[in-house]
Amino acid sequence: MSTSTRLYKHSNRLPKQQPLTWRTYFLHILAKDAVLWISLALAAASCLVVRQPLTAILGSIDGKTLSCLASLMAASGGFMISGVFDLAAAKLVNRCRTARSLMAALVFATFFASMIITNDVALIVFVPMAILAFKRAMLDPMLTVILQTVAANVGSILLPMGNPQNLYLYSRYSMTFGPFLQAVLPLSLAGAAVLAVFCLFGKQTVAVCGTAAQEPWVRGRDAALYAALFIVAALGVFDVIDHRLALAAAVAVMAWKGKSLIQQVDYALLLTFIGFFVFVGNASHIPAVEAALRQLVEPRPFAASVVASQVISNVPAAVMLSGFTQDGYALLAGVSAGGCGTLIASMASLISYKLYVRTVSNGNKGRYLVVFTLINVLFLAVMVGAYVL
């Protein structure tokens, strides 16, 4: 069992190295996902009010987003169970000699990895390594973990596959990569610059020699298979191939590899998207609701998405607000910046929070939340400023 799995074996949200029984999976993952049940409740209530035919309801569901997400989750989950990510993290830790260099390496490894393997998976891989390495050196990893969280949210916005809201908006508005990058690059660069300042002027210069992490064995053939699957999924995202072919490839690989890979897909997130798709589709057929929401969102999609992200997180905000504005790039920038701020602004932030408080013996929830909020508000202000300027 890998390091990341041991540290997070009781999570109710993350992929597992060892497959669970299906009963445990549904009871401890799907049943405990509050956002999922809120989205399904909104979908059900809106169906009762609007009473559209089934074909119209199904037509409101974005199949490309769902198939691309599932394909990318399968590929990333495969990398997880093959040991590739754990090996990369261990090698990174073993090459650092001071806490400052270790912090910088882990923060920017998370930043760059999140663009490819999503912000969630990047945190699953690199946060446990940060906690282990700093604990061995008898240092508090809190600041590094918080900066890794910011790095995952700031780095993941640079590519469509970096996080679910990017993937959805890229498909929803039929974006092309050039304008997509133009919308998010200033925000990400501004965030990266502030991350560099934190790492450069960090006071922890104590040596961390002798804290070597064990480098796990990697299943080479599996890693090659999942690399090929990831390439196929990425081709589906950019419409080089039909996204349904990418999904078919993912399903075939999951059927071959069995439950250990099947359970790597975040079905709660997929169902959450379906719930919000149905709700937004139905709400757009209620004239009073549609007019009110459009009047609220259309004049200021960036501000509306930043604020909404702080309350309901940026994934639901992207789905819900997209039905009431045509300015997809402003909405994209808003949910990208809005991933910083409160703890729930990005659901990925909950991953590092739970990892820290559950694995650090002196981890103080209150102190973590205060420092996390202060740092994230700073990054939110920086990214909003980058957008405005």
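What counts and what doesn't
Residues numbered from 1 in each chain as written. Predicted model: local features only at pLDDT ≥ 70, side-chain atom pairs only at ≥ 80, totals over all residues. Heavy atoms only, no water. Axes fitted to C-alpha atoms, helices over the stretch in contact; angles between N-to-C directions. Helix = DSSP H or I, 4+ residues; strand = E, 2+ residues; numbered from the N terminus. Contact = heavy atoms within 4.5 Å. Expected span 1.5 Å × (residues − 1). Buried < 20%, exposed > 50% of the residue type's maximum accessible area, 1.4 Å probe, protein only. Core = buried A, V, L, I, M, F, W, Y, C linked by side-chain atoms within 4.5 Å.

J.: Quick question: what am I supposed to make of the packing of helix H5 (residues 63–82) against helix H6 (residues 84–94) here?
T.: The angle between the axes and the distance between the axes are what describe a pair of packed helices. Interaxial distance between H5 and H6 falls to 4 Å at its minimum, and their mutual angle equals 60°. Side by side, H5 and H6 meet where Ser76, Phe79, Met80 and Ser82 of the first sit next to Val84, Phe85 and Asp86 of the second.

J.: Looking at this model, I keep getting lost on helix H7 (residues 99–117). Mind explaining?
T.: Residues spaced three or four apart along an α-helix face the same direction, because each turn holds 3.6 residues. With 19 residues, H7 extends 26 Å between its outermost C-alpha atoms, agreeing within 8% with the 27 Å of an ideal straight helix rising 1.5 Å per residue. Phi turns positive, to about 80°, at threonine 118, one or two residues after H7.

J.: What's the story with unusual backbone geometry in this structure? I'm lost.
T.: Across the chain, the bulk of peptide bonds are trans and the bulk of non-glycine residues have phi less than zero. One non-glycine residue, arginine 51, lies in the positive phi region at around 55°. Counting through the fold element by element, arginine 51 comes out in the loop between helix H3 (34–50) and helix H4 (54–59). The exposed category is assigned to arginine 51, whose relative accessible area is 66%. Although it is not a glycine, serine 313 sits at a positive phi angle of roughly 80°. Relative to the helices and strands, serine 313 resides in the loop between helix H17 (301–312) and helix H18 (314–322). The exposure class assigned to serine 313 is buried, which follows from its relative accessible area of 1%.

J.: Would you explain the nonpolar core in this entry?
T.: Within soluble globular proteins, side chains that are nonpolar tend to cluster in buried spots. In this structure, Leu106, Phe111, Leu169, Leu195, Phe273, Tyr368 and Phe379 are the most contacted members of the largest nonpolar core, which totals 119 residues. Element by element, the count of residues in this core is highest for helix H8 (residues 119–136), at 12 residues. Look past the residues within four positions of leucine 106 in its chain and what remains in contact with it is Leu92, Val93, Phe126, Met129, Ala130, Phe134, Thr144 and Gln148.

J.: When you look at the environment of methionine 129 in this model, what are you seeing that I'm missing?
T.: Position of methionine 129 relative to the elements: it lies in helix H8. With relative accessibility at 3%, the residue methionine 129 sits in the buried group. Separated by 23 residues in the primary sequence, methionine 129 and leucine 106 place their C-alpha atoms 8.3 Å from one another.

Keep in mind that these numbers describe shape and distance, not what the molecule does.
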